[in-house]
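Chain residues, written in single-letter form:
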Amino acid sequence: AEAGSNWKSGTFENDLKRAKKLIEVAAKSGADAVKFQTYRPETVYVKNPGKSSYLKKSGINENVYEIFKKYSMPYRMLPHLSKHCTKNKILFMSTPFSINDAKEINKFTNIHKVASFEINHTQLLEFLAKTKKPIILSTGASTYDEINFALRILKKNKSGEIFLLHTISKYPAPPDSLNLKAIIDLKKKYNLTVGLSDHSTDPILAPLISIGIGAKIIEKHFTLNKNLKGPDHKFALNPTELVQMISSIRIAEKM
């Protein structure tokens, strides 16, 4: 269950309260893990990148750097979230976007996630591989050459088990963009466990089709309320839809 930036509320106390609520919702829905994102704006964007047309549709019309600054999670929040995950019996995860982010996250998680746009971030891949923990690698907007590049680095540095996620890096992703047959191709080509990071808005269709063709991991954004202000709420599942998705996945798995 991908919380993304949907924990952001206002003050640190309110942010923490919402993040904990997201953890509780994910745990009650039956998700195996809940994932956040940990980054500093200065390591993901230049200071004058302009504005985002897709975020404008969500009512956000700021400079992209300022958006990332606003939604960057303070490192001091991580131990609170990790502890709350333990209390709610769900795995805590957070995606790092720099080595410093990874160092902070590594204290609290047993499995690492690499975002699509970090697939060629050599130093980050090397660091994560050396933790010897399992790594889930998203492949949005990547060519096979780029996936090969990342896998070579991880294997050279003797990483833990590697998982690949087929990803369409569009938010939301229209149904005709999903290209789910790529899951079959990735499995054949790399002989690794493959899954789907799904940015479509339907809670059921893409996850179940993916399971039918061999996906073992499903990642999907969720929110407490789609009408909350922020970049990730509109295309995320609400709590009822998250329950629908996960219960359907469990039945599909048995079938």
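Further up the page is the structure itself.
Residues numbered from 1 in each chain as written. Predicted model: local features only at pLDDT ≥ 70, side-chain atom pairs only at ≥ 80, totals over all residues. Heavy atoms only, no water.

A.B. asks: Is there a simple way to explain the overall build of the protein in this structure?
C.D. replies: Across its full length, the protein holds 11 helices and eight strands. Here the C-alpha atoms of the protein give a radius of gyration of 17 Å, agreeing with the 18 Å that 2.2 N^0.38 yields for 255 residues. Principal-axis analysis of the C-alpha atoms gives the protein an extent of 45 × 40 × 40 Å. For the protein, long-range pairs separated by at least 24 residues make up 65% of all intrachain contacts whose partners lie at least 6 apart in sequence. Surface accessibility of the protein: about 12400 Å² in total, with carbon and sulfur atoms responsible for 52%. In the protein, which carries 40 positive and 23 negative side-chain charges, the distance between the mean positions of the two groups comes to 3 Å. (Helix = DSSP H or I, 4+ residues; strand = E, 2+ residues; numbered from the N terminus. Rg over C-alpha atoms; globule rule 2.2 N^0.38 Å. Contact = heavy atoms within 4.5 Å. Areas by Shrake-Rupley, 256 points an atom, 1.4 Å probe, with all protein chains shown as cover. Lys, Arg positive; Asp, Glu negative; His and termini not counted. Charge placed at Lys NZ, Arg CZ, Asp CG, Glu CD.)

A.B. asks: I would appreciate a short explanation of the pattern of salt bridges in the present structure.
C.D. replies: Two side chains that carry opposite charge are able to pair once their charged atoms sit near each other. If you walk through the whole model with that rule in mind, you get nine salt bridges. Where Arg 40 meets Asp 101, a salt bridge forms, and the shortest distance between an N and an O atom there is 3.9 Å. Linking Arg 40 in the loop between strand S2 (33–38) and helix H2 (41–44) with Asp 101 in helix H6 (residues 99–106), this pair joins segments that are 61 residues apart in sequence. The same class applies to Arg 40 as to Asp 101, namely buried. Note that Arg 250 and Glu 253 form a salt bridge whose closest N and O atoms lie 4.0 Å from each other. (Salt bridge = Lys/Arg side-chain N within 4 Å of Asp/Glu carboxyl O. Buried < 20%, exposed > 50% of the residue type's maximum accessible area, 1.4 Å probe, protein only.)

A.B. asks: Is there a simple way to think about the packing of helix H1 (residues 12–29) against helix H5 (residues 78–87) in this case?
C.D. replies: Two quantities define a packed helix pair, namely the angle between the helix axes and the distance between the axes. Running from N to C, H1 and H5 cross one another at 30°; their axes reach a closest spacing of 10 Å. On the basis of their axis angle, the class for H1 and H5 is roughly parallel. In the crossing of H1 with H5, the sense of the turn from one axis to the other is right-handed. Facing Phe 12, Leu 16, Ala 19, Lys 20, Ile 23 and Glu 24 of H1, the residues of H5 in contact are His 80, Leu 81, His 84 and Cys 85. Partitioning the contact of H1 with H5 into residue classes produces six nonpolar, two polar and two charged. (Axes fitted to C-alpha atoms, helices over the stretch in contact; angles between N-to-C directions. Parallel < 35°, antiparallel > 145°, perpendicular 65-115°, else oblique. Left-handed = near helix turned anticlockwise from the far one by under 90°. Nonpolar A, V, L, I, M, F, W, Y, C, P; charged D, E, K, R; others polar.)

A.B. asks: Help me understand the packing of helix H7 (residues 122–130) against helix H8 (residues 144–156), please; the structure alone is not making it clear to me.
C.D. replies: It is at 8 Å that the axes of H7 and H8 come closest, and there the two elements cross at 40°. The orientation of H7 with respect to H8, classified from their angle, is oblique. H8 is crossed by H7, and the crossing has right-handed handedness. Counting all contacts with H7, which are made through Thr 122, Leu 125, Glu 126 and Ala 129, the residues of H8 involved are Phe 149, Ala 150, Ile 153 and Leu 154. Split into classes, the residues belonging to the contact of H7 with H8 amount to six nonpolar, one polar and one charged.

A.B. asks: Honestly, the sheet that holds strand S7 (residues 193–198) in this entry has me stumped. Any pointers?
C.D. replies: Paired through backbone hydrogen bonds, the strands of a sheet run either parallel or antiparallel to each other. An order of S4-S5-S6-S7-S8 is seen for the five strands of this open sheet, with the pairing classed as parallel. Looking at which strands have only one partner, the edges of the open sheet turn out to be strand S4 (112–114) and strand S8 (218–220). Sheet twist, expressed as the mean angle between neighbouring strand axes with direction ignored, is 25°. (Pairing = 2+ DSSP bridges.)

A.B. asks: Before we go on, may I ask you to explain the side chain of Asn 6 in this structure?
C.D. replies: Tracing the backbone shows Asn 6 in the loop between strand S1 (2–4) and H1. Reaching out from Asn 6, the side chain makes a polar contact with the side chain of His 233 at a distance of 3.4 Å. Here Asn 6 is in contact with Arg 18, Leu 22, Phe 222, Thr 223, Asp 232, His 233 and Ala 236, once residues within four sequence places are set aside. (Polar contact = N/O pair within 3.5 Å; in protein donor to acceptor, adjacent residues only side chain to side chain.)

A.B. asks: Is there a simple way to explain unusual backbone geometry in this structure?
C.D. replies: Residues other than glycine predominantly adopt negative phi, and peptide bonds predominantly adopt the trans conformation. Going from Tyr 171 to Pro 172, the amide bond is cis rather than trans, its omega being -5°. Within the secondary structure, Pro 172 sits in the loop between strand S6 (162–167) and helix H9 (182–190). Backbone geometry at Lys 89 places phi at a positive 55°, although glycine is not the residue there. Here Lys 89 shows up in the loop between H5 and strand S3 (91–96). Here Lys 89 falls in the exposed class, since its relative accessible area comes to 80%.

Everything listed here is a matter of coordinates, which is why it stays silent on function.
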